[in-house]
Amino acid sequence: MTPRWHFGRPEIPAYSIALCAAALAVPVSAQVLFVESAGEHELLLWLLAVVPAFLLAYYRGWRGAATALAAGMAVLSLTQAFLVTIGHAIEDRLLLLGIVAFFILLSLTGGWLMDLLHNARSSAERLALTDDLTGLSNRRHAHMRLERMFTEAQDGRLSVLFFDLDRFKEYNDRYGHPGGDRVLAGFADMLQRLTPPRGFSCRYGGEEFLTIIDGDGLETAVQFARSVRNGLARQEDLREALTVSVGIATYDPSMKSRGELLAAADAALYAAKAAGRNTIRVHQVDGAPTEPLSVAGI
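Residues numbered from 1 in each chain as written. Predicted model: local features only at pLDDT ≥ 70, side-chain atom pairs only at ≥ 80, totals over all residues. Heavy atoms only, no water.

Draft legend 1. Layout of helix α6 (residues 139-151). Its 13 residues give α6 an end-to-end C-alpha distance of 18 Å, which sits within 8% of 18 Å, the value for a rise of 1.5 Å per residue. Burial in α6 covers these residues: H141, A142, L146, M149 and F150. In an axial view of α6, the angular spread of the buried residues amounts to 160 degrees, which keeps them on one side of the axis. Seen from the open side of α6, the exposed residues pointing more than 90 degrees away from its buried face are R140 and T151. (Helix = DSSP H or I, 4+ residues; strand = E, 2+ residues; numbered from the N terminus. Expected span 1.5 Å × (residues − 1). Buried < 20%, exposed > 50% of the residue type's maximum accessible area, 1.4 Å probe, protein only. Arc of directions from axis to C-beta.)

Draft legend 2. A nonpolar patch on the surface, seen in detail. On the surface, W112, L113 and L116 cluster together into a nonpolar patch covering about 310 Å² of accessible area. With respect to the element layout, L116 can be found in helix α5 (residues 93-129). (Patch = residues over 30% accessible without salt bridge, like charges linked within 9 Å, V, L, I, M, F, W, Y side chains within 5 Å. Areas by Shrake-Rupley, 256 points an atom, 1.4 Å probe, with all protein chains shown as cover. Salt bridge = Lys/Arg side-chain N within 4 Å of Asp/Glu carboxyl O.)

Draft legend 3. Structural detail: the packing of helix α7 (residues 168-194) against helix α8 (residues 218-234). For the pair α7 and α8, the least separation of the axes is 10 Å and the interaxial angle reads 145 degrees. Here α7 runs over α8; the crossing is right-handed. The segment α7 lies against α8, with F187, M190, L191 and L194 engaging F224, S227, V228, G231 and L232. Class assignment for the residues of the contact of α7 with α8 results in seven nonpolar, two polar and no charged. (Axes fitted to C-alpha atoms, helices over the stretch in contact; angles between N-to-C directions. Left-handed = near helix turned anticlockwise from the far one by under 90°. Contact = heavy atoms within 4.5 Å. Nonpolar A, V, L, I, M, F, W, Y, C, P; charged D, E, K, R; others polar.)

Draft legend 4. Molecular detail of the pattern of salt bridges. Following the criterion strictly, the structure yields seven salt bridges and no others. R203 serves as the salt-bridge partner of D131, at 3.3 Å between the closest nitrogen and oxygen. One end of the pair, D131, is in the loop between α5 and α6; the other, R203, is in strand β4 (residues 199-205), with 72 residues separating them in the sequence. You can call D131 buried: its relative accessible area is 14%. A salt bridge links D166 to K273; the shortest N-O distance between them is 2.7 Å. Highlighted residues: D166 in the loop between β3 (158-165) and α7 and K273 in helix α9 (residues 258-274), separated in sequence by 107 residues.

Right under this line is the structure:
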């Protein structure tokens, strides 16, 4: 099972936790149950305690190494205290000191190296999954998120919305790329602020944006689309008024892939553009015409 990464920090699978516990249990059990014979192999037994340090450092960097170090030291101290309590004196204190020093050195080294790895990977992921201009996620990241949401979707509880700024190319030609960039960045900021808690917004490409809303129905998606369109109409930093067309599609069990859901939302957006722009259209899975949501009264 490949761990899922979230900007440099993978989830810790259950089997790794079990392996950490087992690695600490082996030397403890050996020393407690086989007091005499275990002493001959004490160093080798306690080398197993390095396993949690490397595993947790891999998954959590410095924090993981520190957690493993604290747990290992606690287990080692409690084990030695128990042996002293039952009358088994510590025969080789230098060996015990060497075990502690070795464990600390390996834990800190592993934490340092893994933290460098996570930071480098985190930076690379952000560059690969973020749109430079707007700071929103990009199309690649949206596809990754939608793929996971699609596999868990329930009927009508996953919505995709495409937003396309109307006549943006004309605006860009009149005011130049700096003016167009300011519009895109401003729209992205507003879109991000209005996106519901269970939603995810990205710049899909050019003047087109995508929002995925998971766990809510069509009514929430439509209300969100209205809020975005009204918010754009109220923006005061535009050199001239701009409008946005919106296409909405919701998940249906008949859809076999996320591509079908995206295609449905794209078809609704095309219908909104064809209807004169500045409109919201909802795709109907049964093949009926897309439902018009008129500008008037919204």
